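One letter stands for each residue in the lines below.
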Amino acid sequence: MATVPEKIHVLIPCAGSGSRAGTALPKQYTLLQGQPLVIHTVKAFAQVAGLSQCLLVVAPGDVTLSDFLTQYGLGHWSVASVGGATRAQSVLAGLRHLHSQGASDADWVMVHDAARCLIEPAHIANLISACRADAV
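So, here is what we can say about the structure in this document. These numbers were taken from a predicted model, which means no experiment stands behind them.

Reading guide: rules and limits
- Residues numbered from 1 in each chain as written.
- Predicted model: local features only at pLDDT ≥ 70, side-chain atom pairs only at ≥ 80, totals over all residues.
- Heavy atoms only, no water.
- Buried < 20%, exposed > 50% of the residue type's maximum accessible area, 1.4 Å probe, protein only.
- Helix = DSSP H or I, 4+ residues; strand = E, 2+ residues; numbered from the N terminus.
- Pairing = 2+ DSSP bridges.
- Contact = heavy atoms within 4.5 Å.
- Axes fitted to C-alpha atoms, helices over the stretch in contact; angles between N-to-C directions.
- Patch = residues over 30% accessible without salt bridge, like charges linked within 9 Å, V, L, I, M, F, W, Y side chains within 5 Å.
- Areas by Shrake-Rupley, 256 points an atom, 1.4 Å probe, with all protein chains shown as cover.
- Salt bridge = Lys/Arg side-chain N within 4 Å of Asp/Glu carboxyl O.
- Core = buried A, V, L, I, M, F, W, Y, C linked by side-chain atoms within 4.5 Å.

**Here we look at the pairing of strand β1 (residues 8-13)**
For β1, the tally of buried residues reaches six of six residues, placing the bulk of the element in the interior. What you see with β1 is no split at all: Ile8, Val10 and Ile12 on one side and His9, Leu11 and Pro13 on the other are buried throughout. Bridging between β1 and strand β4 (residues 53-57) involves five bridges; their strand directions are parallel. Counted as the bridge partner of Pro13 is Val57 from β4.

What follows is the structure in structure tokens.
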């Protein structure tokens, strides 16, 4: 049985190239209702209380996301340019980055894809509550 963590971090891989989507822009930067998909995702997590650190993992050299975060008033989110060739590589690099920034082995990390923008803050809060209840 898991223990209830002291901290919960968020890791959002955002390093995809969009090659499977066949779009000019990476999928996470495609607009939906005038905003990039990733911004909808970040805004949902930003409304959830109690998250310790929120990290977006982008491909090396990608500065687009930092510009969007500033534009939409979300500049407090951390961005690490450590993304890999696959989502799994990006997540692993993001976990290593969180650890280097003080995340402990006992902390929990929520991983959610940047382009899956229909997540609601209530869904996130409910998942955290359910996991905490299951851990005791």
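**As for the side chain of Gln53**
In this structure, Gln53 sits in strand β4. The class of Gln53 is buried, set by a relative accessible area of 17%. Leaving out residues up to four positions away in the same chain, Gln53 has contacts with Ile8, His9, Val10, Ser78, Leu98 and Gln101.

**Focus: the sheet that holds β1**
If you walk across this open sheet you meet the four strands as β5-β4-β1-β6, and the pairing is parallel. Across the chains shown, the open sheet's two edge strands, defined by having one partner strand only, are β5 (78-80) and β6 (108-111). Adjacent strand axes in the sheet meet at a mean angle of 25 degrees when their direction is disregarded. Its contacts with the sheet put helix α3 (residues 87-100) on β1, β4, β5 and β6, and the angle it makes with β1 is roughly 145 degrees.

**Some points on a nonpolar patch on the surface**
Judged by side-chain polarity, Leu92, Leu95, Val109 and Val111 come together as a nonpolar surface patch covering roughly 280 Å² of accessible area. Residue assignment for the nonpolar patch shows that the elements contributing at least two residues are α3 and β6. Following the sequence through the fold, Leu92 ends up in helix α3. Look at Leu92 and you get partly exposed, because its relative accessible area is 41%.

**Let's talk about the nonpolar core**
Of all hydrophobic cores here, the largest spans 24 residues; its most connected members are Val38, Leu51 and Trp77. Elements with a minimum of two residues in this core: β1, α1 (37-46), β4, α2 (64-71) and α4 (121-135). The leading source of residues in this core is α1, at five residues. Those residues in contact with Val38 that sit more than four places away from it in its chain are Cys14, Gln28, Tyr29, Leu56, Leu65 and Ala114. In terms of nonpolar packing, the next biggest core, distinct from the first, is built from seven residues, Leu11, Leu55, Ala80 and Val91 among them.

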